[in-house]
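# Breakdown of the fold
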Amino acid sequence: MGREEQLRRLEERIRNCKKCPLGELRTNAVPGAGNYSSKIMFVGEAPGYWEDQKGLPFVGRAGRILDELLESIGLDREDVYITNIVKCRPPNNRDPTEEEIRTCSPYLDLQIDIIRPRVIIPLGRHSMAYILKKFGFDVEPISRIHGKMFEARTLFGRIIIMPMYHPAVALYRPAMKEELEKDFRKIRELIDGIS
Ligand code: SF4
Ligand code: URA
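Below, the structure is looked at part by part. Within any chain, residue numbers begin from 1 and follow the written order of that chain's sequence. By the order in which they are written, chains take letters starting at A while ligands take numbers starting at 1. Local features in this predicted model are restricted to residues whose pLDDT is 70 or higher, and side-chain atom pairs enter the listing and the counts only when it is 80 or higher, whereas totals over whole chains, interfaces and linings include all residues. Derived side-chain values reflect all non-hydrogen atoms in the structure, with water molecules and hydrogen atoms excluded from consideration.

## Here we look at the packing of helix α4 (residues 61–72) against helix α9 (residues 175–194)
Interhelical geometry of α4 versus α9 gives an angle of 45 degrees and a closest axis separation of 9 Å. What the angle tells us is that α4 and α9 run oblique. Between α4 and α9 lies a crossing whose hand is right-handed. Between α4, through Ile65, Leu66, Glu68, Leu69 and Leu70, and α9, the contact on the second element is made entirely by Lys177, Leu180, Glu181 and Phe184. Only Asp, Glu, Lys and Arg are considered charged, only Ala, Val, Leu, Ile, Met, Phe, Trp, Tyr, Cys and Pro nonpolar, and every remaining residue, Gly among them, polar. Among the residues making up the contact of α4 with α9, the classes are represented as six nonpolar, no polar and three charged. The axes used here are C-alpha line fits, helices contributing only the stretch in contact, and every angle between their N-to-C directions lies in the interval 0 to 180 degrees. A run of H or I in DSSP counts as a helix once it spans at least four residues, and a run of E counts as a strand once it spans at least two, with each numbered from the N terminus. Here the angle decides the label: under 35 degrees means roughly parallel, over 145 means roughly antiparallel, 65 to 115 means roughly perpendicular, and every other value means oblique. Throughout, a crossing is termed right-handed when the near helix is turned clockwise from the far one, and left-handed when it is turned anticlockwise from it by less than a right angle. The contact criterion used is simple: two residues touch if any of their non-hydrogen atoms lie within 4.5 Å.

See the structure below:
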């Protein structure tokens, strides 16, 4: 089975999943979207209101900021794959629980195995913590390690992990937008370096 077919089937499984209680509360699961052959994968936290309505990742206010950041380095959504650690919306946009993350994250693990990205960008501290632990790194405060490079070795080669602040922080603290723009420029350098 080719990569496209594998991912399509996986996304279908996620849309029908009821493995945790969030499955009963959602309007739509949000498996992820974008380019199945992308070298770069963004991993947010969990769907919010608009994502749940549309079944697509980052389509609300944080999504607009993400679009602007991508555009600032000459990328759009067709160039990247975007997903979340947890695929269904937690009520009132609360943080996902440890249990929900444990139940849902095998889907993310599979997406990583199938897409085989060269670069993973965790967005926000929950995603950062999950991805760093998964690849055997110690978790540190995001204020210290955003924009830093972690190099992981996997069965399918080297992966660069570069955690970033969650784009939503720019909604409440406009100064963070500059910090995000600075970090995104490093993504551009990374991509130019590997292609
Ligand atoms: Fe399944 Fe994940 Fe949705 Fe829970 S959050 S029902 S594990 S897809
Ligand atoms: N915030 C996230 O972490 N993920 C989304 O998909 C939307 C907002």
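## As for the nonpolar core
The nonpolar side chains of soluble globular proteins are, as a tendency, buried together. To qualify as a nonpolar core, a set must consist of buried Ala, Val, Leu, Ile, Met, Phe, Trp, Tyr and Cys residues joined through side-chain atoms within 4.5 Å. Each residue's exposure class comes from its accessible area (1.4 Å probe, protein chains only) as a fraction of the maximum for that residue type: buried when under 20%, exposed when over 50%, partly exposed otherwise. Phe42, Ile121, Ile131, Phe184 and Ile187 are the most contacted members of the largest nonpolar core, which totals 61 residues. Not counting chain neighbours up to four residues away, the residues in contact with Phe184 comprise Phe42, Leu66, Leu69, Leu70, Ile73 and Met164.

## Quick look at the site of ligand 2
Near, as used in this document, describes a residue that has one of its heavy atoms within 4 Å of the molecule or strand being considered. Inspection of the region around ligand 2 gives Gly44, Glu45, Ala46, Glu51, Pro57, Phe58, Asn84 and His166 as its neighbouring residues. In protein, a polar contact requires one atom able to donate a hydrogen and another able to accept it; more generally it is a pair of N or O atoms within 3.5 Å, and residues adjacent in sequence count only if both atoms are side-chain atoms. Measuring from a nitrogen atom of ligand 2, one finds a side-chain N or O atom of Asn84 at 2.7 Å. Here the shell around ligand 2 is composed, by residue class, of three nonpolar, three polar and two charged.

## Brief notes about the site of ligand 1
Around ligand 1 sit Cys17, Lys19, Cys20, Gly23, Arg26, Val86, Lys87, Cys88, Thr103, Cys104 and Tyr107, and that is every residue in its neighbourhood. Residue contributions to the shell around ligand 1 peak at three residues, all from helix α5 (residues 98–115). Partitioning the shell around ligand 1 into residue classes produces six nonpolar, two polar and three charged.

## Some thoughts on the pairing of strand β6 (residues 157–161)
Criterion used throughout: strands pair if DSSP finds at least two bridges between them. Here two bridges tie strand β4 (residues 119–122) to β6, and the two strands are oriented parallel to one another. Note on β6: the bridge partner recorded for Ile120 is Ile161. In the sheet, strand β5 (residues 150–154) pairs with β6 via five bridges, with the strands oriented antiparallel. The residue of β6 that forms the bridge with Ala152 is Ile159.

## Some points on the side chain of Ser38
Among the secondary structure elements, Ser38 is positioned in the loop between β1 (33–34) and β2 (40–44). A residue is classified by how much of its surface remains accessible, and Ser38, at 4% relative accessible area, is buried. There is a polar contact of 2.9 Å between the side chain of Ser38 and the backbone oxygen of Ile40. A polar contact is formed between the side chain of Ser38 and the backbone oxygen of Asp79, at a distance of 2.8 Å.

## Quick notes on the packing of aromatic side chains
Here a pair means two rings of Phe, Tyr or Trp (six-membered ring of Trp) with centres within 6.5 Å. Their orientation is stacked below 30 degrees between planes, edge-to-face above 60, and tilted elsewhere. Summed over the entire model, instances satisfying the criterion amount to four aromatic pairs. Between Phe42 and Phe184, the aromatic rings sit 5.8 Å apart at their centres with planes inclined by 15 degrees, giving stacked as the arrangement. With Phe42 in strand β2 and Phe184 in helix α9, this pair connects stretches of sequence that are 142 residues apart. Between Phe137 and Phe150 the ring centres are 5.2 Å apart and the planes differ by 70 degrees, which places this aromatic pair in the edge-to-face class. Highlighted residues: Phe137 in the loop between α6 (125–134) and α7 (142–145) and Phe150 in strand β5, separated in sequence by 13 residues. Its end group placed over the ring of Tyr107, Lys19 keeps NZ or CZ at 4.6 Å from the ring centre. Above the face of the Phe135 ring, Lys134 is positioned so that its terminal group lies 5.3 Å from the ring centre. Look at NZ for Lys and CZ for Arg. If either is within 6 Å of the ring centre and within 35 degrees of the ring normal, a charge sits over the ring.

## Observations regarding the sheet that holds strand β3 (residues 81–84)
Spatially, β1-β3-β2-β4-β6-β5 is the arrangement adopted by the six strands of the open sheet, whose pairing is mixed. The sheet is open, and its two borders are formed by β1 and β5, each paired with just one other strand. Contacts from α9 reach β2, β4 and β6 within the one sheet, and its direction differs from that of β2 by about 150 degrees.

Just distances and angles here, no functional claims.
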